[in-house]
Each structure stands twice: as C-alpha cells, then as structure tokens.
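Letter by letter, the chains look like this.
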Amino acid sequence: DAAGRLRDSQGYRFVLIGDGPEKRALMQRARKEQLASVSFLDPVSSAEMPALVASADIVLVILKTYIPGAVPSKLYEAMASGRPVVLVAEGEAAQIVQENNAGLVVKPGDVDGLAKAIRRLCENSLLREELGQNGRRAAERTYDRTMIANRFVDYLEVEA
C-alpha cells in the first residue's frame with residue numbers, strides 16, 4: 001500500500017527479501033498494480049543479510065503481530081547496519097527504536113504514516129545519517145550478542 005502511495009515519487013525502490021505465506025499474493029498485486037518500484041528477492045543466508053541491509057538507505061522492519069516481550073532479531077540487525085529504521089510495530093520494539101532515536105515508528109495499519117515516514121527519510125539525508133548512527137551506537141553499546149552473553153555468564157558464575 002505504501003509503495004502505491006509513493007508511486008508518483010522518484011527514487012523509491014522497495015526490496016522485499018525472503019519467503020512467507022503472503023509473498024505470492026504480494027508479487028501478484030505488485031504486478032497487477034504495476035508497481036515497478038517493488039522487487040522481490042528469494043531468501044538469502046544469514047551471512048548474506050548484513051551486506052544487503054547495509055546497501056539500503058532505509059530499513060523497514062514490519063511486524064504483523066505484537067507479542068509482548070518479544071523483539072525480532074531483524075530489528076537489532078537493522079540498527080547495527082547504521083541505517084535508519086522505519087518500524088511498523090508497537091510495544092518493546094517501538095520503545096527500543098524511540099529510546100535510541102534510531103528511526104521512525106509507525107503504528108500497524110497506518111499506511112499513510114508509513115508512506116510519510118519513508119518520504120521524510122528519503123528527503124532528509126541528515127536525518128537518515130543521524131538516526132542510522134544512533135542505531136549503530138545502540139547496537140554496539142547495548143545489544144551486542146557477545147557482550148550480552150558474557151554478562152549472562154558472569155551472572156551465572158556469581159549465582160553458582
């Protein structure tokens with residue numbers, strides 16, 4: 001829907017990576033609506049994802065369902081890429097993006113808000129840079145897997 005709303009704007013390209021139960025329907029819809037700005041890639045290995053994410057100007061992280069206490073790893077990967085995030089979600093994931101000023105948050109179902117967020121970031125390279133750097137710093141400082149694992153091991157050793 002957002003790609004359709006941005007159809008008349010120049011320079012937008014949406015690349016969806018992976019599979020899922022709705023991929024076929026989305027591909028048919030993009031063809032039917034002649035959304036040339038939308039491309040679909042097959043799934044790639046986890047080793048290939050960082051380079052693909054880093055090649056983007058903006059990373060969309062869209063969560064269809066809110067699961068209390070759950071944050072998808074793709075949010076942390078997006079933040080680590082140094083690219084601004086447009087997050088469509090509520091709950092803890094939205095809180096992480098907002099508290100770290102790592103991107104823009106849109107409520108699920110708000111297609112106009114999604115299109116506006118994408119347009120805002122596309123038109124403001126300084127904002128993209130600032131939000132991307134904030135996300136990268138937060139990923140390194142707070143969400144680094146090795147650091148988290150080491151803290152957990154330290155905790156277990158103290159408790160043992």
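These numbers were taken from a predicted model, which means no experiment stands behind them. Starting from 1, residues in each chain are numbered consecutively following that chain's sequence as written. Only residues with pLDDT of 70 or above have their local features reported here, since the model is predicted, and side-chain atom pairs are shown and tallied only from 80 upward, although totals for entire chains, interfaces and linings are computed over all residues. With hydrogens and water stripped out, all remaining heavy atoms of the structure feed into the side-chain values.

## So, the overall build of the protein chain
- Secondary structure is summarised from DSSP: a helix means a run of H or I of at least four residues, a strand means a run of E of at least two, and numbering begins at the N terminus for each. Looking only at helices and strands, the protein chain has eight helices and five strands in total.
- When its helices and strands are written in sequence order, the protein chain yields α-β-α-β-α-β-α-β-α-β-α-α-α.
- Taken along the three principal axes of its C-alpha coordinates, the protein chain extends 60 × 35 × 30 Å.
- The burial tally for the protein chain puts 33% of its 160 residues in the buried class.
- Whether two residues are in contact is decided by their heavy atoms, any of which lying within 4.5 Å being enough. By sequence separation, contacts in the protein chain at least 24 residues apart represent 59% of the contacts at least 6 residues apart.
- Summing over all exposed atoms, the protein chain offers an accessible surface of approximately 10400 Å²; the carbon and sulfur share of this is 51%.
- With 21 positive and 22 negative side-chain charges, the protein chain shows a spacing of 7 Å between the two charge centroids. Summary of the burial criterion: residues with accessible area below 20% of their type's maximum are buried, those above 50% are exposed, and those between are partly exposed, where the area comes from a 1.4 Å probe applied to protein chains only. In these tables, accessible area is a Shrake-Rupley quantity obtained with a 1.4 Å probe, and a residue counts as shielded only by the protein chains included in the view. A residue counts as positive if it is Lys or Arg and as negative if it is Asp or Glu; His and the chain ends are not included. A single reference atom marks each charge: NZ on Lys, CZ on Arg, CG on Asp, CD on Glu.

## Quick look at the confidence of the model for the protein chain
- Scored from 0 to 100, pLDDT records how confident the predictor is in each individual residue. Looking at the protein chain as a whole, its pLDDT mean stands at 90, while 91% of the residues score no less than 70.
- Strand S5 (residues 103–106) holds the highest mean pLDDT among the elements of the protein chain, 98, whereas helix H8 (residues 145–159) holds the lowest, 67.

## Considerations on the sheet that holds strand S3 (residues 59–62)
- At least two DSSP bridges between two strands are needed for those strands to be called paired. As summarised here, the arrangement of the three strands in space is S3-S4-S5, forming an open sheet in which the pairing is parallel. Taken across any chain shown, the strands that pair with only one partner, and hence form the sheet edges, are S3 and S5. Averaged over neighbouring strand pairs, the angle between their axes works out to 15° when direction is ignored.
- Against the sheet, helix H6 (residues 111–123) touches S3, strand S4 (85–88) and S5, its axis set at about 170° to S5. Every angle, taken between N-to-C directions, lies between 0 and 180 degrees, and every axis is a line fitted to C-alpha atoms, over only the stretch in contact when it is a helix.

## Comments concerning the environment of Met79
- In this structure, Met79 sits in helix H4 (residues 73–80).
- Residue class for Met79 comes out buried when judged on its relative accessible area of 0%.

## A look at the nonpolar core
- One finds Phe14, Val86, Leu114 and Leu121 to be the most contacted residues of the largest nonpolar core, which totals 20 residues.
- Among the secondary structure elements, those contributing two or more residues to this core are helix H1 (2–5), S4, S5, H6 and helix H7 (125–141).
- Among the elements that line this core, the one with the most residues is H6, at five residues.
- Those residues in contact with Val86 that sit more than four places away from it in its chain are Ile58, Val59, Leu60, Val61, Leu104, Val106, Leu114, Ala117 and Leu121.
- If you look at the next biggest cluster of nonpolar residues, it comprises 18 residues, including Val61, Leu63, Leu75 and Ala138. We define the nonpolar core as a collection of buried residues of types Ala, Val, Leu, Ile, Met, Phe, Trp, Tyr and Cys that are connected through side-chain atoms lying within 4.5 Å of one another.

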